[in-house]
Amino acid sequence: MATAVHLDGITKRFPGVVANDDVDLEVERGTVHALLGENGAGKTTLMNVLYGLYEPTSGEVRLGGEPHVFGSPRDAIDAGIGMIHQHFMLVDPMTVTENITLGNEPRKWGGIAIDRTEAREAVVELADRYGFDIDPDARIEDVSVGEQQRVEILKALYRGADTLILDEPTAVLTPQEVDELFDVLDELTDQGKTIIFITHKLGEAMRAADEISVLRDGKKVGTVDADATTQEELAELMVGREVLLDVDHGTAETGAVVAAVSDVVVENDRGVRAVNDVSFEVRGGEVFGIAGVDGNGQSELVEAVTGLRNPDAGEIRFGGEDVTTASRRQRIDAGMAYVPEDRQERGLVMEFDLVENGLLGSQHGDELVSNGRIDWSKTRGHAEAIIDEYDVRPPDADSDAESLSGGNQQKFIVGREFERDPELVVASHPTRGVDVGSIEFIHERLLELRQQGVAILLVSSKLEEVQGLSDRLAVVYEGEFIDVVDPDETTEEELGLLMAGERPGDDDGEGGTKATGSESADETERDKPADPTDAADGERA
Amino acid sequence: MSDTPTDRDDTDTATENADSESFFERYTTRALVAGVTVAAVIALLLAGMLFPDSLAGTLSDALTSRNTLASALRLSVPIAFAALGGIFAEKSGVINIGLEGLLIISAFSAIYVADITGGVWIGFAGGVVASTLLAALFAVVTIGFRADQIIAGLAVWLIALGLAPFASQVIYGSPNTPTVATTNSITVPVLADLPFFGALFSASPSVYMLFAAVFGSWYVFERTAFGRWIRASGENPKALDTAGVSVTRVRYAAVLISGVLAGMGGAALSLDLGQFTGNGPTMVNGKGFIAIVAYLFGNYNPVGAFFSTMLFAGLDAVQTVLQLQGIGIPRQLIRITPFVVVIIVLALVGRTQLPEAAGEHYETED
């Protein structure tokens, strides 16, 4: 097979940093090549070089044997390279067709008007050719994230791309959408397209790719055949040391009840009951996990517990006190730490530097603030301690939160919250979008807190994570606890069925699947397959 | 599973609820305002027919009079032109609150150029050029140098507010210019004699130019690639940039177009009277700001902006008639009715779909 893309000794230096160090990469035509590495390993920089966003400090890009120099993405697009960014470049109020043809609209009447019939036909034809199920007239804001991604892919194909670069394409997808994406990738490679797939998820790299190249600290540490490798081998290549993929959580002394939720009902923003009559207790020294497919009321429940949303019925007690209507500030003061699911929306102020972000949540306390004045040198010390302890990169307290990669933002938030000396930690998807080395680290810290007698409420859609860490595990489906199980005594298959809404003792498998398949009103992406391999993040061996 | 059918029902109803909710969010307030307006007008006309001597009678006379439509049209010209200009700028992501200033500068320049050249249409062109130049300055400052758009827009207004009367003072010795020739109205025979609607067929050329501009703007946004780029530039400039279209160029073009359109409005305003009056808030007197309200109420749609301008202008025309009629309500109160209505309308409409990236600077990466 011919080589479609050849990167030869690519080095990219930024002031003070070598992002790529003499990287060679060969990608065969008609294959999926995964570029695997931790956050900050230089994957995206390398691809930005290929896409013409960065000019390499040295090295050469060859396409089909021909050397190319790209001054801008426009040149790369003309040379048949398309990039699907992690954050989609779509105009929400415009239709699918309008987005795909944007900038390359077919014209009529001497170029004055857009030929809308032709544009629509071109899109339909393209979608048919690759087997995409997409409504060309739907507005982007009305279609699911998975469909938006397909629109991005079509956009690249419409511009004549032969090589597609996908930057962390699964980060925003539901497990079912990930499956669909992989089907799409198969279809594309069958038709001769070449795919480069940036990821930090081992399981996905193994599932989707033909070959996997691993980057670490800007260097390529190896290229392996996806069929001839193991997750352990990849993890070791990525991190540079052996990684424990399975957490041994041991046992801890469970103490008194720290938080108790009884008969809580929470409505979501549309007035639909997202949490329906849920009761549970979390004890000191215990990890209480909540598993479930995203959008089954976990967010609303967490918001009610942390004080971001008032429950419509029921009671929440924390440390023996009724905190059902207590404010966020009261709850923080009482020792409730919170790792929010959306780090950019709720965890950080993106325009603030890490010193200021480290202060958030402590601005009313007396540790960093005295007499209403912020003690900036203490606050800086606090932020630097978190950066140091939690290995936040780059280790610079003055950098703005937005300049950090997602994984490093998450480490900083986790550090800030865990260092609060909490009674209860509410951790919502604490390792979402975090690389393998940091996941291990965050898990260890969580278990350490548990060992110290802290109560932990852990919500995650990664089955492996909740199963591995929890002492007791509740499975939520459409706002109700289907069951509370001992995670060590339950198989993934059983959990998968519970997550699909099948109640224990109900052996009619068909019915369960049907219920999952029915469209739900408040969350169209809720229906996910019962298959636990999809629900888990794929980092299992 | 035995409860599957019930599940289905629940979710179906919920889906409908969700749908109707978003429907309400999208259309109701705007539709409600329009509906109430139409209903009130009809009720008033009926009442006026039944009781010709009452207040309702006076009002419906005023409403149905050909003069009212004629003066409403005349009044809408500067507002609607400025509103169209505002739509171009804001859809591209540049909030241009300097429309008032563009109207003022073009109103004065039009008279001045007409005065020295003796040609009404040369004056008109002069007004447009002056406004476009000021818009170009605004564009350089906000797009090129990334100044705050609101502050720069206020500066445009203040510059024009000071400069135009000052220039008049220097040139003519008074903030008010002398009178020059005005544009002649275009009259379509026969149709011009129609009751009420006749006003549409005997109007100043600027009215017809406005009709053309409204349609033209609509066409640009709905049917041309350039219009689509303007929308994309205001909604998600990065998407446009990665599609290979320069956001900066699109925004410059859009702001310059807003200068041209506002210039046409300002020139039409002063040339209609043949004079520029520069006392106080000048003859423009807030029309540029009303224009902003008009396009917001029209939800950035040129046709919608035109009709909301007509609503305001119609109210203003009616209040002028009422002031003359003397209906026992103090003039000052009658005079403010259009503004009160504008405030109510804005409060009711509330949710305008602002372009996502409006007011934000855009920097190309690397």
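Remember, predicted model here, so these are calculated numbers, not experimental data.

**Concerning the overall build of chain A**
Helix and strand counts for chain A stand at 19 helices and 24 strands. A globule of 541 residues ought to have a C-alpha radius of gyration of about 24 Å, and chain A, at 24 Å, matches this closely. Principal axes of the C-alpha set define a box for chain A whose edges measure 70 × 55 × 50 Å. When each of the 541 residues of chain A is scored for burial, the buried share is 56%. Contacts spanning at least 24 positions in sequence make up 67% of the contacts within chain A whose residues lie at least 6 apart. With the model as given, the accessible surface of chain A reaches about 22100 Å², and the carbon-plus-sulfur share is 42%. Treating the 49 positive side-chain charges of chain A as one cloud and the 115 negative ones as another, the clouds have centres 5 Å apart.

**Regarding the packing of helix 7 (residues 205–223) of chain B against helix 12 (residues 302–325) of chain B**
Residue and element names in this part refer to chain B. The geometry of helix 7 relative to helix 12 is characterised by a closest axis approach of 8 Å and an angle of 145° between their N-to-C directions. Contact with helix 7, carried on its side by Leu 210, Phe 211, Val 214, Ser 217, Trp 218 and Phe 221, involves Pro 302, Val 303 and Phe 306 of helix 12 and no other residues of that element. Along the lines of polarity and charge, the residues of the contact of helix 7 with helix 12 split into eight nonpolar, one polar and no charged.

**Some thoughts on the packing of aromatic side chains**
Using the criterion set out here, one finds 17 aromatic pairs over all chains in the structure. Aromatic side chains Tyr 130 of chain A and Phe 132 of chain A sit 6.4 Å apart centroid to centroid with 55° between the ring planes, which places their arrangement in the tilted category. Classification of Tyr 130 of chain A as buried rests on a relative accessible area of 3%. Residue classification places Phe 132 of chain A among the buried residues on the basis of a relative accessible area of 6%. Relative to Phe 124 of chain B, the ring of Trp 121 of chain B has its centre 5.3 Å away and its plane inclined at 55°; by these criteria the two rings are tilted. In this pair, Trp 121 of chain B and Phe 124 of chain B are both assigned in helix 5 (residues 120–144), three residues apart and thus about one turn of the helix distant.

**Considerations on the domain arrangement of chain A**
All names here are of chain A. Entries for chain A in the domain assignment read domain 1 (3–239) and domain 2 (257–524). One C-alpha centre belongs to domain 1, the other to domain 2, and the line joining them spans 32 Å. With seven residues of domain 1 in contact, the opposing surface of domain 2 contributes nine residues. In total, domain 1 and domain 2 occlude about 680 Å² of area from one another, counting both sides; carbon and sulfur atoms represent 54% of this. Where domain 1 touches domain 2, the interface holds zero salt bridges. For the pair domain 1 and domain 2, the number of links is zero residue pairs in polar contact (both at pLDDT 80 or more). Residues of the side of domain 1 that touches domain 2, tallied by class, amount to three nonpolar, two polar and two charged.

**Points about the confidence of the model for chain A**
Residues at a pLDDT of 70 or more form 90% of chain A, whose mean pLDDT is 83. Long-range and interchain partners of residues 508–541 of chain A, a stretch whose pLDDT sits below 50, account for 89 contacts in this model, where long-range means more than four residues apart.

**Comments concerning unusual backbone geometry**
In this structure, the amide linkage connecting Arg 393 of chain A to the following residue, Pro 394 of chain A, adopts the cis form with an omega of -5°. The residue Pro 394 of chain A is located in the loop between helix 13 (376–389) and helix 14 (406–418) in this model. The backbone phi angle of Asp 277 of chain A is positive, close to 60°, even though this residue is not glycine. Structurally, Asp 277 of chain A is set in strand 14 (residues 273–283). Although it is not a glycine, Asn 285 of chain B adopts a positive phi angle of roughly 50°. The topology assignment puts Asn 285 of chain B in the loop between helix 10 (247–273) and helix 11 (287–297).

**Quick notes on a nonpolar patch on the surface**
All names here are of chain B. A surface patch of nonpolar side chains, amounting to about 600 Å² of accessible area, comprises Ile 329, Leu 333, Ile 336, Phe 339, Val 340, Ile 344 and Leu 348. Along the chain, Leu 348 falls in helix 13 (residues 331–349). Residue classification places Leu 348 among the partly exposed positions, given a relative accessible area of 44%.

**Points about the sheet that holds strand 2 (residues 17–28) of chain A**
Residues and elements named next belong to chain A. One open sheet accounts for four strands, arranged 2-1-4-5; its pairing is antiparallel. Edge positions in the sheet fall to strand 2 and strand 5 (66–68), since each of these pairs with one other strand and no more. Averaged over all pairs of adjacent strands, the angle between strand axes in this sheet comes to 25°, irrespective of strand direction. Here strand 1 (residues 3–14) runs beside strand 4 (residues 58–63); their pairing, made up of five bridges, is antiparallel. Paired with Thr 11 across the two strands is Ser 58, which belongs to strand 4. Strand contacts of helix 1 (residues 43–50): strand 1, strand 2 and strand 4, with the helix running at about 115° to strand 1, the strand carrying the most contacts.

**Remarks on the sheet that holds strand 16 (residues 313–318) of chain A**
All names here are of chain A. Judged by pairing direction, the sheet is antiparallel, and its four strands sit side by side in the order 14-13-16-17 without closing on themselves. A single partner strand is all that each edge strand has here, and the edge strands are strand 14 and strand 17 (321–322). The sheet contact formed by strand 13 (residues 257–267) and strand 16 spans five bridges and is antiparallel. Within strand 16, the residue paired with Val 261 across the bridge is Ile 316.

**Here we look at the confidence of the model for chain B**
For chain B, the mean per-residue pLDDT works out to 83, and 89% of the residues sit at or above 70. This stretch, residues 1–24 of chain B, has a pLDDT under 50; its non-local contacts, to residues over four places away or in other chains, come to 20 contacts.

**Examining the nonpolar core**
Burial of nonpolar side chains together is a common tendency in soluble globular proteins. Of all hydrophobic cores here, the largest spans 93 residues; its most connected members are Leu 99, Leu 210, Leu 240, Val 255, Leu 271, Phe 276 and Tyr 295 of chain B. Among residues more than four places away in sequence, those in contact with Leu 240 of chain B are Leu 102 of chain A together with Trp 229, Ala 232, Ser 233, Val 245, Val 247 and Val 250 of chain B. If you look at the next biggest cluster of nonpolar residues, it comprises 47 residues, including Ala 161, Val 184, Ile 212 and Ala 235 of chain A.

**Here's the deal with the pairing of strand 3 (residues 32–37) of chain A**
Residue and element names in this part refer to chain A. Within strand 3, six of the six residues are buried, which leaves it mostly tucked inside the rest of the structure. One ladder, built from five bridges, connects strand 3 with strand 10 (residues 194–199); its direction is parallel. Paired with Leu 35 across the bridge in strand 10 is Ile 198. Of the strand pairs in this sheet, strand 3 and strand 11 (residues 211–216) are connected by five bridges, and their pairing is parallel. Within the sheet, the bridge partner assigned to Leu 36 lies in strand 11 and is Val 214.

**Description of the side chain of Arg 445 of chain A**
Looking at where Arg 445 of chain A falls in the secondary structure, it is placed in helix 15 (residues 436–451). When residues no more than four places from it in sequence are discounted, the contact partners of Arg 445 of chain A are Glu 389, Tyr 390, Phe 418 and Glu 419 of chain A.

**Considerations on helix 13 of chain A**
Residue and element names in this part refer to chain A. For helix 13, with 14 residues, the first-to-last C-alpha span of 20 Å sits near the 20 Å given by 1.5 Å per residue. When we look at burial in helix 13, the residues that qualify are Thr 379, His 382, Ala 383, Ile 386 and Ile 387. Burial along helix 13 is one-sided: seen end-on, the buried residues are contained in an arc of 135°. Turned more than 90 degrees from where helix 13 packs its buried face, Ser 377 and Asp 388 sit exposed. A positive phi of about 55° marks Asp 391, the residue just after helix 13.

**Things to note about the pairing of strand 6 (residues 81–84) of chain A**
Residue and element names in this part refer to chain A. What you see with strand 6 is no split at all: Ile 81 and Met 83 on one side and Gly 82 and Ile 84 on the other are buried throughout. Looking at chain direction, strand 6 and strand 9 (residues 163–167) are connected through four bridges and run parallel. Within strand 9, the residue paired with Met 83 across the bridge is Ile 165.

**So, the pattern of salt bridges**
Side-chain pairing between opposite charges can occur once the charged atoms of the two side chains come close. Residues and elements named next belong to chain A. Scanning the model with the defined rule gives 25 salt bridges over all chains in all. Close ionic contact of Glu 152 with Lys 155 constitutes a salt bridge, the shortest N to O distance being 3.8 Å. Of this pair, Glu 152 and Lys 155 both sit in helix 5 (residues 145–158), three residues apart, roughly one helical turn. Considered together, Glu 152 and Lys 155 belong to a single accessibility category, that of buried residues. Two residues, Glu 389 and Arg 445, come together in a salt bridge whose shortest N-O distance is 2.8 Å.

What counts, and where the lines are drawn
Residues numbered from 1 in each chain as written. Chains lettered and ligands numbered in written order. Predicted model: local features only at pLDDT ≥ 70, side-chain atom pairs only at ≥ 80, totals over all residues. Heavy atoms only, no water. Helix = DSSP H or I, 4+ residues; strand = E, 2+ residues; numbered from the N terminus. Rg over C-alpha atoms; globule rule 2.2 N^0.38 Å. Buried < 20%, exposed > 50% of the residue type's maximum accessible area, 1.4 Å probe, protein only. Contact = heavy atoms within 4.5 Å. Areas by Shrake-Rupley, 256 points an atom, 1.4 Å probe, with all protein chains shown as cover. Lys, Arg positive; Asp, Glu negative; His and termini not counted. Charge placed at Lys NZ, Arg CZ, Asp CG, Glu CD. Axes fitted to C-alpha atoms, helices over the stretch in contact; angles between N-to-C directions. Nonpolar A, V, L, I, M, F, W, Y, C, P; charged D, E, K, R; others polar. Phe/Tyr/Trp six-rings, centres within 6.5 Å; stacked < 30°, edge-to-face > 60°. Domains from an automatic or database assignment. Buried area = accessible area lost by both parts, 1.4 Å probe. Salt bridge = Lys/Arg side-chain N within 4 Å of Asp/Glu carboxyl O. Polar contact = N/O pair within 3.5 Å; in protein donor to acceptor, adjacent residues only side chain to side chain. pLDDT = per-residue confidence, 0-100. Patch = residues over 30% accessible without salt bridge, like charges linked within 9 Å, V, L, I, M, F, W, Y side chains within 5 Å. Pairing = 2+ DSSP bridges. Core = buried A, V, L, I, M, F, W, Y, C linked by side-chain atoms within 4.5 Å. Expected span 1.5 Å × (residues − 1). Arc of directions from axis to C-beta.

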